[in-house]
2 protein chains.
Amino acid sequence: MKAIVFDHELKFVEDYPKPRPSEGEALVRIYLAGICRTDIEITKGYLGFKGIIGHEFVGVVEKINSNDRRLSGKRVVGGINRGCGACDFCLTGLKNHCPNGKTLGIVNKDGAMAEYITLPVENLIEAPPDIADEEAVFTEPLAAAFEITRQVHVKPTDKILVIGDGKLGLLISLVLRLINAEITIAGKHEPKLRIVEKHGIEAINIRELHTEKRYDIVVDAAGAVEGFETAMRLVKPGGTIVMKSTVSEKRAVGLTLLVVNEITVVGSRCGPFEPALAALSAGLINVRPFITGVFGFDRAKEAFDRAVDRDSLKVIIDFRNI
Amino acid sequence: MKAIVFDHELKFVEDYPKPRPSEGEALVRIYLAGICRTDIEITKGYLGFKGIIGHEFVGVVEKINSNDRRLSGKRVVGGINRGCGACDFCLTGLKNHCPNGKTLGIVNKDGAMAEYITLPVENLIEAPPDIADEEAVFTEPLAAAFEITRQVHVKPTDKILVIGDGKLGLLISLVLRLINAEITIAGKHEPKLRIVEKHGIEAINIRELHTEKRYDIVVDAAGAVEGFETAMRLVKPGGTIVMKSTVSEKRAVGLTLLVVNEITVVGSRCGPFEPALAALSAGLINVRPFITGVFGFDRAKEAFDRAVDRDSLKVIIDFRNI
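Residues numbered from 1 in each chain as written. Chains lettered and ligands numbered in written order. Predicted model: local features only at pLDDT ≥ 70, side-chain atom pairs only at ≥ 80, totals over all residues. Heavy atoms only, no water.

**Student:** Residue-level account of the packing of helix α4 (residues 139-151) of chain B against helix α5 (residues 167-177) of chain B, with values.
**Tutor:** Residue and element names in this part refer to chain B. Relative to each other, α4 and α5 sit at 50°, their axes nearing to 9 Å. Classified by the angle between their axes, α4 and α5 sit oblique to one another. Considering how the two elements wind past one another, α4 and α5 form a crossing that is right-handed. Across the interface between the two elements, Pro-141, Leu-142, Ala-144, Ala-145, Phe-146, Ile-148 and Thr-149 from α4 touch Leu-168, Leu-171, Ile-172, Val-175 and Leu-176 from α5. Split into classes, the residues belonging to the contact of α4 with α5 amount to eleven nonpolar, one polar and no charged. (Axes fitted to C-alpha atoms, helices over the stretch in contact; angles between N-to-C directions. Helix = DSSP H or I, 4+ residues; strand = E, 2+ residues; numbered from the N terminus. Parallel < 35°, antiparallel > 145°, perpendicular 65-115°, else oblique. Left-handed = near helix turned anticlockwise from the far one by under 90°. Contact = heavy atoms within 4.5 Å. Nonpolar A, V, L, I, M, F, W, Y, C, P; charged D, E, K, R; others polar.)

Here you go:
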């Protein structure tokens, strides 16, 4: 099968072996796969991953190696973590954090930029028919935005700041806007900020962030080590910082301020798919302005070049017409 | 009046001017004042404070400069923060974090190690008669322990670790024990650990903390910069770290782990007095084993020497019989 493989460099392979679903898994024929910032990081050596990259997808279930056949033939999206099923974490509902776990296209498991993937049946969820493939492929990053509302009590009266106008920052601002009147997003890219400004979100250049201790909740989706310090400066005493940025660099942080000002810092990663699909299905979140381009496998190299552009948002690889 | 003053060095003053309560304040005749770790830090230059030190006290209301005279003649303890009353923080319930605020014996306000203090009437709360002076003086640090239960949903099924066997660490372990079956405290001082071990708390030497990712909640009350790193190593994915240590030193911290493991870090400082007094009154928390000694003003120098001893817990200065 055709697949995009990272092994010291990106390779566009025509004859990668088709995977077989192991016990409890489904075989999914991929329609679309999105390029995520994490994928770009992996091509720079992040986590030392080798194999098929990609973890944002929509596809159709072609085969199921399980007694639970309810999703047979259905169009699905899916959670990317597979636990070992036997450790203390897996047995106490922390499968996503299993130390022996696999993560689609990120840790020890071939990913979604291919004609086929396998995933545990329990990871899959049907995409409602009123969501286009091009929208459904946003389910995973949109779920990561909804994760914030699962972890933190976001009140309709909170003043909220999102730092970072990348895809995740923009999606987060749209999700929080659903339950909150007063969202500010701060970034560096005027055209990206304009997309969410239409939805009543205050969009400002990050250089304009002068006022200190102003926000009840600050979400750091800047993807840069400075994000945390900016957040600490801007959050109110008693407020909450949500950390979405994974940056490998360590930085000297004064934690005393965190105690004195009683700040809560919440690390936030993958999220629940159901509210993401529901919001897409109801038209509450419009992801179409985020699509920079859809490229066939034959133009996948061009797609990756485009994805690293400063002005790009979501670049999608199309495996439908192969 | 007699007072213990820090001004480059500790001074035991006999003729300090007696304070006058300003509008809305009460004049409190101090009975007992406790020496806190923060007081010791102040004598080393922490926060650049000059004046009467001390913020843990019990005393009696002698005069009230307010229409609200309900506490007249009552024995009281009291909250240590006074806001400006006019800023955004004060007007939105964040008086404790007022940037122009004063904190008894810590920031811009003479403290409790004297015959008299003044505090806003609204800061004071009556100490029930069934609590001895020597117990009531623990209300402030005990409230700081209860603050954790106000900020974090501590479940009876959580595995909890408290790092640090100083006064605060021990009090925290006793408070959390009230709602939880499985508390471990890790410290370096065998005799201190023995005090709480009697209450069914697992007490271990900090060197024995080998297992990683084991605890749902880790409270860092170690008062050392290593506490946070130890907590990060020991907390479960999805778990919570409560930071009680104020350490001035900055330290390089890898925040990516916080995101990947979805850890929540909660800075925690002063707490509610009501549950602390209720627990003392009901005999749920026995603070008497924490009393290292009660010293009269004439032996206050000796009291401070004793307070810095490695084996000391709470040292109290007695202003009753002056």
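**Student:** Pulling in residues and values, what's your account of the domain arrangement of chain A?
**Tutor:** All names here are of chain A. You can read the domains of chain A as domain 1 (3-138 + 287-318) and domain 2 (142-267). Centre-to-centre separation of domain 1 and domain 2, based on C-alpha positions: 27 Å. If you look at the interface, domain 1 gives twelve residues, while domain 2 gives 14 residues. A combined buried area of about 1100 Å² lies between domain 1 and domain 2, and 65% of that area is made up of carbon and sulfur atoms. Three residues stand out in domain 1 for area buried against domain 2, namely Phe-290, Arg-310 and Leu-313, and they jointly supply 50% of the buried area on that side. Here domain 1 is connected to domain 2 by zero salt bridges. Between domain 1 and domain 2 we count three residue pairs in polar contact (both at pLDDT 80 or more) in total. Tallied by class, the residues present in the side of domain 1 that touches domain 2 amount to seven nonpolar, one polar and four charged. (Domains from an automatic or database assignment. Buried area = accessible area lost by both parts, 1.4 Å probe. Salt bridge = Lys/Arg side-chain N within 4 Å of Asp/Glu carboxyl O. Polar contact = N/O pair within 3.5 Å; in protein donor to acceptor, adjacent residues only side chain to side chain.)

**Student:** Could you give an account of the packing of aromatic side chains, with specific residues and numbers?
**Tutor:** Taken as a whole and assessed by the stated rule, the structure comprises four aromatic pairs over all chains. With a centroid separation of 6.0 Å and an interplanar angle of 40°, the aromatic rings of Phe-297 of chain B and Phe-319 of chain B are classed as tilted. Separated by 22 residues along the polypeptide, Phe-297 of chain B in the loop between β19 (291-296) and α10 (300-307) and Phe-319 of chain B in the segment after β20 (314-318) bring together distant segments of the chain. Each member of the pair, Phe-297 of chain B as well as Phe-319 of chain B, carries the same accessibility label: buried. Above the ring of Tyr-116 of chain A, the side-chain terminus of Arg-29 of chain A is found at 5.7 Å from the ring centroid. One residue, Lys-18 of chain B, lies across the ring of Tyr-116 of chain B, its end atom 4.3 Å from the ring centre. (Phe/Tyr/Trp six-rings, centres within 6.5 Å; stacked < 30°, edge-to-face > 60°. Buried < 20%, exposed > 50% of the residue type's maximum accessible area, 1.4 Å probe, protein only. Lys NZ or Arg CZ within 6 Å of the ring centre and 35° of its normal.)

**Student:** Describe the relation of the copies chain B and chain A, listing the residues and the values that go with them.
**Tutor:** Each of the two chain copies can be generated from the other by rotation about an axis followed by a shift along it. Superposing chain B onto chain A takes a rotation of 180° combined with a translation of 0.0 Å along the rotation axis, leaving an RMSD of 0.0 Å. Considering both components of the superposition, the chain copies are consistent with a two-fold axis. Among all residues of chain B, the one whose C-alpha sits closest to the rotation axis is Ala-252 of chain B, at a distance of 1.8 Å. Interface overlap between copies is the fraction of interface residues in one copy that are interface residues in the other; for chain B against chain A it reaches 100%, indicating a shared surface. (Least-squares fit on C-alpha atoms with pLDDT ≥ 70 in both.)

**Student:** Pulling in residues and values, what's your account of the environment of Gly-293 of chain B?
**Tutor:** All names here are of chain B. Looking at the secondary structure, you find Gly-293 in strand β19. Looking at Gly-293, the relative accessible area reads 13%, which means it is buried. Along the sequence, Gly-293 and Arg-310 sit 17 residues apart, while their C-alpha atoms lie 14 Å from each other. Ignoring sequence-local partners within four residues, the contact set of Gly-293 consists of Lys-314, Val-315 and Ile-316.

**Student:** So what's going on with the interface of chain B and chain A? Which residues, and what values?
**Tutor:** Listed as interface residues are 36 residues of chain B and, on the opposing side, 36 residues of chain A. Summing the contributions of chain B and of chain A, the shared interface buries around 3000 Å²; its carbon and sulfur component is 62%. Of all residues in chain B, the largest losses of buried area upon contact with chain A belong to His-97, Val-259 and Glu-262 of chain B, amounting jointly to 20% of the total for that side. Our enumeration of links across chain B and chain A arrives at zero salt bridges. Taken together, the links from chain B to chain A amount to seven residue pairs in polar contact (both at pLDDT 80 or more). Looking at the side of chain B that touches chain A residue by residue, the classes come out as 16 nonpolar, eleven polar and nine charged.

**Student:** Before we move on, could you go through the sheet that holds strand β8 (residues 102-104) of chain B and cite the residues and values that matter?
**Tutor:** Residue and element names in this part refer to chain B. If you trace the three strands from one edge of the open sheet to the other, you get β7-β8-β9, paired in mixed fashion. On the outer flanks of this sheet lie β7 (81-82) and β9 (108-109), each paired with one strand and no other. Pairing geometry for β8 and β9, over two bridges, is parallel. By the bridge assignment, Leu-104 is partnered in β9 with Lys-109. (Pairing = 2+ DSSP bridges.)

**Student:** Provide a residue-level description of the sheet that holds strand β14 (residues 202-205) of chain A, including the pertinent values.
**Tutor:** The twelve strands are arranged β14(A)-β13(A)-β12(A)-β15(A)-β16(A)-β18(A)-β18(B)-β16(B)-β15(B)-β12(B)-β13(B)-β14(B) in an open sheet whose pairing can be described as mixed. Every other strand in the sheet has two partners, leaving β14 of chain A together with β14 (202-205) of chain B as the edge strands with one partner each. Ignoring strand direction, the axes of neighbouring strands in this sheet form an average angle of 20°. Both strand β13 (residues 183-187) of chain A and β14 of chain A contribute to a ladder of four bridges, which runs parallel. Residue pairing in the sheet places Thr-184 of chain A in a bridge with Glu-202 of chain A of β14 of chain A. Helix-sheet contacts for α5 of chain B involve β12 (159-163), β13 (182-187) and β15 (215-220) of chain B, and the interaxial angle to β13 of chain B is about 175°.

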